[in-house]
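Coordinate analysis (summary)
Each chain, letter by letter, is given below.
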Amino acid sequence: LAHDPSNADVRFERVRIRHEFLPLLERENAAIVSHLGNLADDARGVSQALDWAARRLLEESLQADESIDLSSWRSVPEAIRRRALAHWIAQVTGESPGRAHIEALSRAPERCCEVWLAGGFTARNHGDQVLRVTRDA
């Protein structure tokens, strides 16, 4: 069994949570660790379902030029749209987008937008139906 001295170093947030915060919660509810584990399992399942739905939405709306047709997106729950946008940006640019990027792009069908992405890419909506990523010159 390996010993990692960082597991006792309270400079790390994970250590402070494990040694200071969790014991306080356990005084309120002895089963808190089990409950938190169950919540994590549930969250993992929800995340997998969102990924599945988002990838399906993206497959249905992805165009040959790697733009996406947003015409069917209005009827889709926001969480799925956001996850699909994140997958699309990562697929086209090779970079994972930040939350602010997704927030701005999720409003694209309602209003004009241009969002600068990592790696010199820009996402723009063209009309109210298409989002396209281009590499800046």
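Heads up: these notes are all about the structure in this document.

With that settled, the discussion passes to the sheet that holds strand β4 (residues 130-135). If you trace the four strands from one edge of the open sheet to the other, you get β1-β4-β3-β2, paired in antiparallel fashion. Strands at the two margins of the open sheet, each flanked by one partner only, are β1 (68-69) and β2 (114-117). Summarising the sheet, β1 and β4 pair through two bridges and their orientation is antiparallel. Bridging across to β4, I68 finds its partner in L131.

A few words now on the side chain of S6. By the element assignment, S6 lies in the segment before α1 (13-28). Other than its neighbours up to four places away in sequence, S6 contacts F12, R14 and V15.

Turning next to unusual backbone geometry. Phi is positive for E66, close to 70°, though the residue is something other than glycine. By the secondary structure assignment, E66 is in the loop between α2 (32-61) and β1. Assessed through its relative accessible area of 38%, E66 is described here as partly exposed.

The full count for this structure, using the stated rule, is zero aromatic pairs. The lysine or arginine in question, R14, covers the ring of F12, its NZ or CZ lying 5.3 Å from the ring centre.

Following the sequence through the fold, L85 ends up in helix α3 (residues 78-93). Taking the relative accessible area as the measure of exposure, L85 reaches 2% and is therefore buried. Considered as a pair, L85 and I68 are 17 residues apart in the sequence and their alpha carbons are 9.3 Å apart. Apart from the residues lying within four places of it in its own chain, the contact partners of L85 are I68, W73, I102, L105, S106 and L131.

Now for helix α4 (residues 99-106). Taken as a whole, α4 has its buried residues at I102, A104, L105 and S106. Close packing links the buried residues of α4 with α3, β2, β3 (121-126) and β4.

Right, let's get into a nonpolar patch on the surface. On the surface, I17, F21 and L24 cluster together into a nonpolar patch covering about 270 Å² of accessible area. Within the fold, L24 resides in helix α1.

Here we come to the pairing of β2. On β2, burial follows the alternation: V115 and L117 on one face are buried, whereas E114 and W116 on the facing-out side are not. As paired elements, β2 and β3 share four bridges and run antiparallel to each other. When the bridges of β3 are listed, L117 appears paired with F121. Remark: three residues form the turn of the hairpin made by β2 and β3, two consecutive strands paired antiparallel; G119 in that turn has positive phi of roughly 75°.

Parameters and conventions
- Per chain, residues are indexed from 1 in the order of the written sequence.
- Per-residue local features are limited, in this predicted model, to residues with pLDDT of at least 70; the limit for side-chain atom pairs, both in listing and counting, is 80 or more; totals at the level of whole chains, interfaces and linings are taken over all residues.
- As a rule here, side-chain values cover all heavy atoms of the structure and leave hydrogens and water aside.
- Criterion used throughout: strands pair if DSSP finds at least two bridges between them.
- In this text, helices come from DSSP runs of H or I with a minimum length of four residues, and strands from runs of E with a minimum of two, each type numbered from the N-terminal end.
- Any two residues having at least one pair of non-hydrogen atoms within 4.5 Å are treated as being in contact.
- Partly exposed residues are those whose accessible area sits between 20% and 50% of the maximum for their type, while under 20% is buried and over 50% is exposed, using a 1.4 Å probe and protein chains only.
- Each aromatic pair joins two rings of Phe, Tyr and Trp (for Trp, the six-membered one) with centres within 6.5 Å, and gets the label stacked for planes under 30 degrees apart, edge-to-face for over 60, and tilted for any other angle.
- Sitting over a ring, as applied to charges here, requires NZ of Lys or CZ of Arg to be within 6 Å of the ring centre and within 35 degrees of the ring normal.
- Residues enter patches when they are more than 30% accessible in relative terms and free of salt bridges; like-charged ones are connected within 9 Å and nonpolar ones (Val, Leu, Ile, Met, Phe, Trp, Tyr) within 5 Å.
- Exposure was quantified through the Shrake-Rupley algorithm and a 1.4 Å probe, taking into account, for residues, occlusion by the shown protein chains and nothing else.
- Here a salt bridge means any side-chain nitrogen of Lys or Arg lying within 4 Å of a carboxyl oxygen belonging to Asp or Glu.

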